[in-house]
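So you can see what is in the structure, the chains are spelled out below.
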Amino acid sequence: MDTHSAPTPEKSDFVRDIVAADLRDGRIGAVVTRFPPEPNGYLHIGHAKSICLNFGIAAEFGGRCHLRFDDTNPVKEEQEYIDSIMEDVRWLGFDWGEHLYYASDYFEQLYEWAVYLIREGKAYVDDLSADEIRTFRGTLTEPGKESPWRTRTVEENLDLFERMRAGEFENGSRVLRAKIDMASGNINFRDPVIYRIVHATHPRTGDAWCIYPSYDFAHGQSDAIEEVTHSICTLEFQDHRPLYDWFIENLPVPSRPHQYEFARLNLTHTVLSKRVLLRLVRDGFVHGWDDPRMPTLSGIRRRGFPAEGMRDFAAMIGVARADSVVEIEMLEHAVRDVLNRTALRRFAVLDPLKVVIENYPDDLVEEMDVTNNPEDEGAGTRKVPFSRELWIERDDFMEDPPKKFFRLAPGREVRLRSAYFVTCTDVIKDADGTVIELRCSYDPDTRGGSAPDGRRPKATLHWLSAAHAVPAEVRLYDHLFTAPFPGSEGRDLFEDLNPDSETVLRHCLVEPALQDAVIGETVQFERLGYFCADPDSSGGVLTFNRTLTLKDSWAKVQAQATG
RNA sequence: UGGGGCGUAGCCAAGCGGCAAGGCAGGGGCCUUUGGAGCCUCCAUUCGUAGGUUCGAAUCCUACCGCCCCAGCCA
């Protein structure tokens, strides 16, 4: 209305601008959007962008968003996918309330509208084969030719269409086409197929139908039935908009929805294509749709990405009409940002190196108080047992440290986080020269991690009491594809798969508190990264997936040194 | 060579005739009981190119260049 009453919108993009204007000008009373997945695969991060857009707009403008399954092709669709999609949308934090719909709910109405079109002389049954139809369609630069069946009488069309429904004909033998314009520059207008014969069992309607409406004939009309006001889809449907409008204008539909298109999400180092994801699963390149390396919502959930991070990411990348590829670092930033604030801190040693504190009592065990999350006072502290024999990370020791290496080395003092300062006094090696144990001394005056004399070691290490450490398996994950643009420059997509996208470490150790790790809850292993207990933990072996590493400036220094 | 779109920093993206937001990445510094986090700071005299209109153009006009989508009985 005016600047006083209008709340400052937190997000703004061209779609929200249109919705706001339509509301302001009274073209609509309330906004109604919909998220319309086809249940032929699992949802991925690209869908999350669309879900956040559609449900986000409905929430921000006080409207509603429907979840509607676009289930018009029974040969590809399965109940498993329907179930997973609902779970994923809920996980992302959205609620469709009562508004769960299926295009298949409208099959009878859609059929009647097809009959309506036939009666109006605007649709006909075509006996041409699929190949012939393709040939007759013309090319991008040449107009098409009209089918010889285009001039059938209304009566004959009605009879044939009824018999198509009755199951008298074989798959592919006939189709129903809208009669529009075989010479149109827009190929979607060259008499698009609106019904095809498919003798297949539909996940919802079973064998009730053997003819199914095409996307073009089902989508807009479904929107109209549900009184969707803003039908938001991706750019590749721009060419379909005139057809979308044609059906809406030529049918007695109950409302007038409008279609708007935005650029779909692309991400570096991965691929967001249902076709390719299906192949990764079917050909065994990954362990399943929910493999933590997959960009599916079930995959990233198992990986430990929080839903809030996904929503933040969606807000961060915006919504526009220019094709774009977002660097995956942006997603990772959104995830780290949430996890830094919320994840409990724990100690875990991935590659253990034994440390013996020679001047520490043999039989003493101290319970050290350790902060659960320095970013969140409310997270409190926990007790972590400390004793004479410890494990530290092998990477945290170097016998001959280079210039910028601040961690443990012979003669050097470092802090064991929330415990004591220790100084390396001796290095023990096996016959091959491999370091197998460090002997250290500790300063009893530094309990808790600070020295009365104010001295401050350059490094702080995480540690585990050897007697109390719990064995665990840890799975390290990295980008699914090594190339930022998989399959670019003529390469085969699968050549770009990262052979090291999954590394399984079976001899890790974690602090006792992690025995109670909740599956699906992401914690930070201090100085290492974020990790999430995997469902496989229920098999007996504690198993963690690395969600993401912490940003690591030492790794950067090393990389620079290496070149 | 048909139709539909899009070009603002390495990436994403605001901007809607009044003098280039913000985020990611990157550089430098401070701080630090996580080499994390945090804080400070630098990073487009220029908006695909060339003309034009205007006191004034990323914004308006013209032409050109580049990229994407469309020839499923997929969605």
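Structure: see above.
Quantities reported herein were computed from a predicted structural model and do not represent experimental measurements.

Draft legend 1. Here's a closer look at the pairing of strand E21 (residues 470-477). Of all eight residues in E21, seven are buried, a share of seventy percent or more. Relative to strand E22 (residues 502-510), E21 runs antiparallel, the two being bridged by seven bridges. Within E22, the residue paired with Tyr477 across the bridge is Glu502. Pairing analysis gives three bridges linking E21 to strand E25 (residues 543-549), with the strands arranged parallel. Looking across to E25, one finds that Val474 is bridged to Phe544.

Draft legend 2. Highlighting the protein's contact with RNA strand B. If you check the shell around RNA strand B, you find 68 residues, and the closest are Thr72, Arg345, Phe406, Gly448 and Gln524. For RNA strand B, the backbone portion of the atoms within 4 Å of the protein, that is sugar and phosphate, comes to 61%. Taking Gly185, its main chain carries an N or O atom lying 3.3 Å from a base nitrogen of RNA strand B. Between RNA strand B and the protein, one listed contact pairs a base nitrogen with a side-chain N or O atom of Asp239 at 2.7 Å. Among the secondary structure elements, those contributing two or more residues to the surface near RNA strand B are helix H5 (130-136), strand E6 (193-197), helix H11 (307-317), helix H12 (328-342) and helix H13 (553-562). Looking at the surface near RNA strand B residue by residue, the class counts come to 22 nonpolar, 22 polar and 24 charged.

Draft legend 3. A look at the packing of aromatic side chains. Scanning all chains against the criterion turns up 25 aromatic pairs. The interplanar angle of 70° and the centroid separation of 5.3 Å between the aromatic rings of Phe161 and Tyr195 together place this pair among those described as edge-to-face. Of this pair, Phe161 sits in helix H6 (residues 154-166) while Tyr195 sits in strand E6, and the two are 34 residues apart along the sequence. For Tyr195, a relative accessible area of 0% corresponds to the buried category. Clustering of aromatic rings is evident, with ring pairs tying together Phe107, Tyr111, Phe161, Tyr195, Trp209, Tyr212, Phe217, Trp246 and Phe247. Here the basic side chain of Arg174 rests over the ring of Phe169, its NZ or CZ set 4.0 Å away from the ring centre. Cation over ring: Lys354 sits above Trp391, and NZ or CZ is 5.1 Å from the ring centre.

Each value, and the rule that gives it
- Residues numbered from 1 in each chain as written.
- Chains lettered and ligands numbered in written order.
- Predicted model: local features only at pLDDT ≥ 70, side-chain atom pairs only at ≥ 80, totals over all residues.
- Heavy atoms only, no water.
- Buried < 20%, exposed > 50% of the residue type's maximum accessible area, 1.4 Å probe, protein only.
- Helix = DSSP H or I, 4+ residues; strand = E, 2+ residues; numbered from the N terminus.
- Pairing = 2+ DSSP bridges.
- Near = heavy atom within 4 Å.
- Polar contact = N/O pair within 3.5 Å; in protein donor to acceptor, adjacent residues only side chain to side chain.
- Nonpolar A, V, L, I, M, F, W, Y, C, P; charged D, E, K, R; others polar.
- Phe/Tyr/Trp six-rings, centres within 6.5 Å; stacked < 30°, edge-to-face > 60°.
- Lys NZ or Arg CZ within 6 Å of the ring centre and 35° of its normal.

Bear in mind that shape data such as this cannot, by itself, settle questions of function.
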